[in-house]
Amino acid sequence: MAETGKKNRQFRAEVRKVLNILTHSLYTNREIFLRELISNASDALDKLRFRANRSEQPSGGDMPLEIRITIDKDNKTFTIADTGVGMTADELAENLGTIAKSGSEEFLANLQSETAAGAAAGDAEKPDASNIVGRFGIGFYSVFMVADKVEVISTPAFGEERGAAVWSSDGLGAYSIKSAGSDAPARGTVVKAHIKDDAVEFLEKFRVESAVRNHSAFMPFPIFLDGERINPEPALWREPKFFIKKEQYEAFYKALTYDAKAPMDVLHLSVDAPVQFNALLYIPDSKQDFFGVDRDFWGIDLYARRVLIQRRNKELIPEYLAFFKGVTDTEDLPLNISRETLQENVLLRKINQVIVKQVLGHLEKMEKDNRETYLRFWRLHGKIFKLGYNDFPNRERVSALLRFNSSALDDDEALTSLAEYMSRAPAEQKTFWYVSAPNREAVCLNPHMEIFRKKGIEVLYLFEPVDEFVMEGLGKYKEWDFKPVENATDDALAAFDDRKDASQASQQASAPLSGEEQEDFDKLLAKMKEILNDKVKEVRVSRRLDDSPSVLVSPDGAMASSMEKLLKVMHKDDTLPVKVLEVNQNHPLLRGMLKIFKADPEDAMLALMTQGLFDTSLLLDGYAREPQALASRVNALLKETAALYADGRAIPR
Ligand code: ADP
Ligand code: MG
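Residues numbered from 1 in each chain as written. Chains lettered and ligands numbered in written order. Predicted model: local features only at pLDDT ≥ 70, side-chain atom pairs only at ≥ 80, totals over all residues. Heavy atoms only, no water.

Per an unreviewed UniProt entry, the recorded name for the chain is Chaperone protein HtpG, and the organism is Candidatus Desulfovibrio trichonymphae. According to UniProt, the comment filed for the chain under the heading Subcellular location (unreviewed entry) is "Cytoplasm". Its UniProt record, at the heading Function (unreviewed entry), says of the chain: "Molecular chaperone. Has ATPase activity." (UniProt positions renumbered as here; feature names shortened; annotations may be inferred.)

**Things to note about the sheet that holds strand E19 (residues 536-541)**
Here three strands make up an open sheet; going across it, the order is E19-E21-E20 and the pairing mixed. Single-partner strands in this sheet number two, and they are E19 and strand E20 (550-553). Across the sheet, the mean angle from the axis of one strand to that of its neighbour is 25 degrees, orientation sign disregarded. Note that E20 and strand E21 (residues 579-583) share four bridges and pair antiparallel. Note on E21: the bridge partner recorded for Val-553 is Val-580. The sheet contacts of helix H16 (residues 515-532) involve E19 and E21, and relative to E19 the element is tilted by about 160 degrees. (Pairing = 2+ DSSP bridges. Helix = DSSP H or I, 4+ residues; strand = E, 2+ residues; numbered from the N terminus. Axes fitted to C-alpha atoms, helices over the stretch in contact; angles between N-to-C directions. Contact = heavy atoms within 4.5 Å.)

**So, the sheet that holds strand E14 (residues 405-406)**
Read across the sheet, five strands follow the order E14-E16-E15-E18-E17 without closing on themselves; strand pairing throughout is mixed. In the strand order of this sheet, the two ends are held by E14 and strand E17 (476-477), each with one partner.

**What to know about the UniProt feature "binding site: ATP" (unreviewed entry) in the chain**
When the UniProt feature table is mapped to this numbering, "binding site: ATP" (unreviewed entry) covers Glu-36, Asn-40, Asp-82, Met-87, Asn-95, Lys-101, Ser-102, Gly-103, Thr-189 and Arg-339. Looking at where Asp-82 falls in the secondary structure, it is placed in strand E2 (residues 77-82). Ignoring any residue separated from it by four or fewer positions in sequence, one finds Asp-82 in contact with Ala-41, Ala-44, Leu-45, Glu-66, Arg-187, Gly-188 and Thr-189. Within the structure, the side chain of Asp-82 is placed 2.9 Å from the backbone nitrogen of Gly-84, a separation counted as a polar contact. (Polar contact = N/O pair within 3.5 Å; in protein donor to acceptor, adjacent residues only side chain to side chain.)

**What about helix H9 (residues 371-385)?**
Taking 1.5 Å of rise per residue, the 15 residues of H9 would be expected to cover 21 Å, yet its terminal C-alpha atoms sit only 17 Å apart, more than 12% below that figure. Bending of H9 peaks at approximately 55 degrees at the position of Arg-379. Of the positions making up H9, those classed as buried are Tyr-374, Leu-375, Phe-377, Trp-378, Leu-380, His-381, Gly-382, Ile-384 and Phe-385. Looking at the buried side of H9, the elements it contacts are strand E10 (277-283), helix H8 (346-369) and helix H10 (395-401). (Expected span 1.5 Å × (residues − 1). Bend = angle between axes of the 7 residues up to and from the residue. Buried < 20%, exposed > 50% of the residue type's maximum accessible area, 1.4 Å probe, protein only.)

**Some words on the site of ligand 1**
With respect to spatial proximity, 19 residues lie near ligand 1, and among them Asn-40, Ser-102, Gly-103, Ser-104 and Arg-135 are the closest. For ligand 1, whose unbound accessible area comes to 530 Å², protein coverage reaches 94%. Ranked by residue count, the leading element in the shell around ligand 1 is helix H2 (residues 32-53), at three residues. (Near = heavy atom within 4 Å. Areas by Shrake-Rupley, 256 points an atom, 1.4 Å probe, with all protein chains shown as cover.)

**Overview of the domain arrangement of the chain**
When cut into domains, the chain gives domain 1 (15-112 + 128-229), domain 2 (236-371), domain 3 (404-506) and domain 4 (513-653). The centre of domain 1, based on its C-alpha atoms, is set 31 Å off from the matching centre of domain 2. Both faces combined, the contact of domain 1 with domain 2 buries some 1,400 Å², and carbon together with sulfur accounts for 53% of it. The interface formed by domain 1 and domain 2 includes zero salt bridges. Taken together, domain 1 and domain 2 are joined by two residue pairs in polar contact (both at pLDDT 80 or more). With three residues, the top contributor of residues to the side of domain 1 that touches domain 2 is H2. Looking at the side of domain 1 that touches domain 2, its residues break down into eight nonpolar, five polar and three charged. (Domains from an automatic or database assignment. Buried area = accessible area lost by both parts, 1.4 Å probe. Salt bridge = Lys/Arg side-chain N within 4 Å of Asp/Glu carboxyl O. Nonpolar A, V, L, I, M, F, W, Y, C, P; charged D, E, K, R; others polar.)

**What to know about the side chain of Asn-352**
Tracing the backbone shows Asn-352 in helix H8. Every residue in contact with Asn-352, bar those within four places of it in the chain, is listed here: Glu-315, Leu-316, Ile-317 and Pro-318.

**Some words on the pattern of salt bridges**
A complete count under the given rule lists 37 salt bridges for this structure. Between Arg-30 and Glu-201 there is a salt bridge, with its nearest N and O atoms 3.3 Å apart. In this pair, Arg-30 is assigned in the loop between helix H1 (15-24) and H2 and Glu-201 in the loop between strand E6 (188-195) and helix H5 (205-216), connecting sequence segments 171 residues apart. Across the pair Arg-49 and Asp-46 runs a salt bridge whose closest N-O atoms are separated by 3.2 Å. Separated by three residues within a single helix, Arg-49 and Asp-46 lie in helix H2, roughly one turn from each other. Judged by relative accessible area, Arg-49 falls into the partly exposed class, the value being 31%. Overlapping salt bridges, with partners in common, bring together Arg-30, Glu-31, Asp-198, Glu-201 and Arg-207 in one network.

**A short note on the packing of aromatic side chains**
Per the counting criterion, the structure on display carries 26 aromatic pairs. An aromatic cluster is defined as three or more aromatic residues linked by ring pairs; in this entry it consists of Tyr-320, Phe-323, Phe-324, Tyr-374, Phe-377, Trp-378 and Phe-385. The ring of Phe-392 is capped by Arg-395, whose NZ or CZ atom sits 4.3 Å from the centre of that ring. (Phe/Tyr/Trp six-rings, centres within 6.5 Å; stacked < 30°, edge-to-face > 60°. Lys NZ or Arg CZ within 6 Å of the ring centre and 35° of its normal.)

**What about helix H19 (residues 604-620)?**
The α-helix winds at 3.6 residues per turn, so residues separated by three or four positions along the chain end up facing the same way. Given a rise of 1.5 Å per residue, 17 residues ought to cover 24 Å, and the 25 Å separating the end C-alpha atoms of H19 matches this to within 8%. Turning to H19, its buried residues are Met-605, Leu-606, Met-609, Thr-610, Gln-611, Gly-612, Leu-613, Phe-614, Asp-615, Ser-617 and Leu-618. Put simply, Asp-603 is the residue that caps the front of H19, since its side-chain oxygen is 2.8 Å from the backbone nitrogen of Met-605.

**Points about the packing of helix H18 (residues 588-599) against H19**
Axis separation between H18 and H19 bottoms out at 10 Å; the angle between their running directions is 155 degrees. Taken together, the axis directions place H18 and H19 in an arrangement best described as roughly antiparallel. When you trace H18 past H19, the crossing you get is left-handed. Within the contact between the two elements, H18 uses Leu-589, Leu-590, Met-593, Ile-596 and Phe-597 and H19 uses Met-605, Leu-606, Met-609, Thr-610 and Leu-613. Considered class by class, the residues forming the contact of H18 with H19 number nine nonpolar, one polar and no charged. (Parallel < 35°, antiparallel > 145°, perpendicular 65-115°, else oblique. Left-handed = near helix turned anticlockwise from the far one by under 90°.)

Laid out in structure tokens, this is it:
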């Protein structure tokens, strides 16, 4: 019988194949090898600094802490040297001869247990090794993407055994170690890569320089390329705020964005909980064309321990903060994380949440402390910021920061908050009224505004199409709801008295109709409905009009007409909406029609005028259809009136 007992077995690996996968499938971009070698050099320097700070004596004590890259085109070698901790022959075998063995991870683990022991013993000193990048013990092998032979010559800085050794391999499955000759560094490590024929681009200075600037510009040690320093800027976001001057913030911003103008404001965040990250977030002093050419050109640059992971990452901030420019750096993210894992990454989502909270707090403070600055911010970026209406958890805070033009303000540029609107409203009001229009002139012509003017009720002006989505999306603010003026039913406004000075606004109004006249007027309305037929749902008397003869209104509860138009465009629907035509029975035009109707209900002029009223109401509602038909009706009316007027003039008064 076959042995059925359970027995744990170890995986075995074909080293050759694993190496092949590591060097050819892990990275999509070959220049990544530069990032990996530089971060290893930087780690080695960090470890040296760390141990020296704890008064261990390194060899070559006064050597500068730096990274030097040299390119030898003739011999096709790329060399990177550091003056860091170095490795003994044993460590070379351990760290570079064992796949997925990370000396750096071990270093940090040792530190942690030491610190824990130190803390238990009441030792307050906290070592800072937060710059160390390495974790996985695989980054080094990326060099075999571009090299067919690599030598690592290393001289350890500490310990008993300080002799230099050379590790060398072709990356295919075997390596050798021997003692080094006279080319060994006085301290630290030299990685010498023999560049493959298909990777000679990495023997070009400009190519290497641009790749290093791209990924490793902010490493904490100087990097030289053929003797020239190529990373002059410090990683400003990791410096203590207290020491940073305004000019430094500005210079960094300009280098980051190529914006010639200094930023309007900057937020410098150093956060430890619930996630560790540093961030520099700038508010530019110019408008962003977010709805145009810059549509996809937003996001925050993501760094892990000063190494660039991704430019313009869009997981770090929500869309409505897209006007922010800047960088975020976290210690909690591994270097070799893929783009796929960056999406929907929990860590990034947490950072995003903290950034949103901090930004809202910052804007709230700006609003409170410096009104003018806040309004300037709003004029520059309000258009994007208002998209925050769909940030559910923060909706109340976003709402408080919104600004609008309104009927209570005297020019286009003035702005009000919702809170200010509320403070001006009469006690019984619980609705924010708004009207959509391209500008203030258009608002003045909107017949729906007449009753609001008469009653002195403030109306918010929405000048941009997105505003209506904002209002719909917000739903409520502090228990108040948002409604378009078109939806003001008679009852909704009945509770509000007319303004004392309102009577003069309705100068044109005629005396009220008598009971009998009222009956005739109702018949006229029925006639008008018959004329317009199914173009309108109903023709009725309006209580909202003062100066205008008529207005189209949505049947109760329907959406605002600008929203309706937007949806029609989206659905490529070019039919006209069927609405209610409301007429002002005190308007001279309607009184004239009443006279004509009483004389002859079938008078052709009635049809012409009814059509005319409907046409102008449609125009005011924003619909301009069938211009030819409209023009011919207007001309017919003009013909009639011209004859009448000429006759009228002929009769002496
Ligand atoms: P990681 O950096 O994730 O640890 P690597 O494959 O890049 O993995 O490197 C493996 C290990 O080799 C490092 O952890 C470190 O101990 C050692 N090492 C690599 N490069 C150097 C260097 N320039 N100086 C000293 N040690 C190094
Ligand atoms: Mg590494």
